[in-house]
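Analysis of the macromolecular model
For reference, the chains in residue letters:
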Amino acid sequence: MPRWKRWTDRLAPLASQQGGTASLEFITVGMILLIPLVYLALAVAAIQGGALAVEGAARQAARVYVQAETPAEASARAERAVAFALADADIADPRAAISIACSPNPADCLTRRGVVTVTVSIRVPLPLVPAVLDFDSPLAVPLEASATQQVSRFWGAG
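Predicted model only: the values in this text are computed from it and were never measured. (Residues numbered from 1 in each chain as written. Predicted model: local features only at pLDDT ≥ 70, side-chain atom pairs only at ≥ 80, totals over all residues. Heavy atoms only, no water.)

Regarding helix α2 (residues 22-66)
What counts, and what does not: Comment: elements are numbered from the N terminus, with helices defined as DSSP H or I runs of at least four residues and strands as E runs of at least two. Here the expected length of a helix is defined as 1.5 Å per residue gap, with one fewer gap than residues. Accessibility here uses a 1.4 Å probe with only protein chains present; expressed as a share of the type maximum, an area under 20% marks a residue as buried, one over 50% as exposed, and anything in between as partly exposed. Any two residues whose heavy atoms approach within 4.5 Å are treated as being in contact.
Here α2 spans 66 Å end to end across 45 residues, near enough to the 66 Å set by a 1.5 Å rise per residue. Among all positions of α2, only A43, G50, A53, V54, G56, A57, A58, A61, A62, V64, Y65 and V66 are buried. Buried positions along α2 lie against α3 (71-88), β1 (97-103), β2 (115-125) and β3 (140-150).

Below, the structure is given as structure tokens:
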């Protein structure tokens, strides 16, 4: 008798005792694979939503900044635009950082044909993570977006 035949004869009784467990094994393995996959989809959706929100906030803040009459009004408008855009996307990040850079004259942003760059930074928390586990936001993804607008060549002419 061939050697492989002896092994199959020994394993045949063990295989017959395993009847009916295939569906249980399928459900168990399916759940083990499905739960991380669903969480990954939720996390990617939250991060993508945050990326779109921060990009829109930076773009809108740059637009309203270059249309203001004074630098103080421009800063207030930019902050309001960022707050509105993030609230519209259901992102309540009190630590959203806004930075404004100007060229060619960094001291005076609202000069004719000046270029204003607005950068917005936020942290998007991962979904289904309780606030108790929030140790100074390590369970969040930092996102940053910049937008650049040029001040009109007719600014201040009115």
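There is more to say after this.
Structural notes on α3
End to end, α3 covers 25 Å across 18 residues, agreeing with the expected 26 Å (1.5 Å per residue, within 8%). Tucked inside the fold, the buried residues of α3 contact α2, β1 and β2. Trailing α3 by a residue or two, D90 shows a phi angle of about 60°, which is positive.

Section: the environment of R113
On the secondary structure map, R113 appears in the loop between β1 and β2. Spatially, the C-alpha atom of R113 lies 9.5 Å from that of Q149, the residues being 36 residues apart in sequence. In contact with R113, other than residues within four places in its own chain, are Q150, V151, S152 and R153.

As for the packing of α2 against α3
A pair of packed helices can be characterised by two numbers: the angle between their axes and the separation between those axes. Quick note on the threshold: Every angle, taken between N-to-C directions, lies between 0 and 180 degrees, and every axis is a line fitted to C-alpha atoms, over only the stretch in contact when it is a helix. Roughly parallel means an angle under 35 degrees; roughly antiparallel means over 145; roughly perpendicular covers 65 to 115; every other angle is labelled oblique. Crossing handedness is read from the near helix: turned anticlockwise from the far helix by less than a right angle, it gives a left-handed crossing, and turned clockwise, a right-handed one. By the convention adopted, Pro, Cys, Tyr, Trp, Phe, Met, Ile, Leu, Val and Ala count as nonpolar, Lys, Arg, Asp and Glu as charged, and the other residues, Gly among them, as polar.
The geometry of α2 relative to α3 is characterised by a closest axis approach of 8 Å and an angle of 155° between their N-to-C directions. Classified by the angle between their axes, α2 and α3 sit roughly antiparallel to one another. Handedness of the crossing formed by α2 with α3: right-handed. On the side of α2, the interface is formed by A53, V54, A57, Q60, A61, V64 and Y65, while α3 contributes P71, A74, S75, R77, A78, A81, V82, A85 and L86. Partitioning the contact of α2 with α3 into residue classes produces 13 nonpolar, two polar and one charged.

Looking at the sheet that holds β1
To keep things clear, this is the line we draw: One requirement defines pairing of two strands: DSSP has to find at least two bridges between them.
Taking strand neighbours across the sheet as the criterion, the three strands line up as β1-β2-β3 in an open arrangement whose pairing is antiparallel. At either end of the open sheet lies a strand with only one pairing partner, and these are β1 and β3. Across the sheet, the mean angle separating the axes of adjacent strands is 15° when strand polarity is ignored. Where β2 lies against β3, eleven bridges are found, and the strand directions are antiparallel. Opposite V124, over in β3, you have V141 as the bridge partner. Packed on one face of the sheet, α2 meets β1, β2 and β3 and runs near 30° to β3. Together, β1 and β2 form the strand contacts of α3, whose direction differs from that of β1 by roughly 135°.

What about the state of the cysteines?
Two cysteines joined by a covalent bond between their sulfur atoms form a disulfide. Test applied: Cysteine sulfur atoms are paired as a disulfide whenever they come within 2.5 Å of each other.
If you walk through the whole model with that rule in mind, you get one disulfide. Disulfide pairing is shown between C102 and C109; the S-S distance is 1.6 Å. Handedness of the C102-C109 disulfide follows from its S-S torsion of about 80°: it is right-handed. Its relative accessible area of 12% is what places C102 among the buried residues.

Notes on a nonpolar patch on the surface
Let me state the cut-off plainly: Patches draw on residues past 30% relative accessible area with no salt bridge. Two like charges within 9 Å are joined, as are two nonpolar side chains (Val, Leu, Ile, Met, Phe, Trp, Tyr) within 5 Å. Computed by Shrake-Rupley with a 1.4 Å probe, the accessible areas treat only the displayed protein chains as cover when residues are assessed. A pairing counts as a salt bridge when a side-chain nitrogen of Lys or Arg comes within 4 Å of a carboxyl oxygen of Asp or Glu.
Nonpolar side chains collect at one region of the surface, where F26, I27, M31, L34, I35, L37, V38, L40, L42, V44 and L128 lie side by side and expose about 1,100 Å² of accessible area between them. Assignment of secondary structure puts F26 in helix α2.

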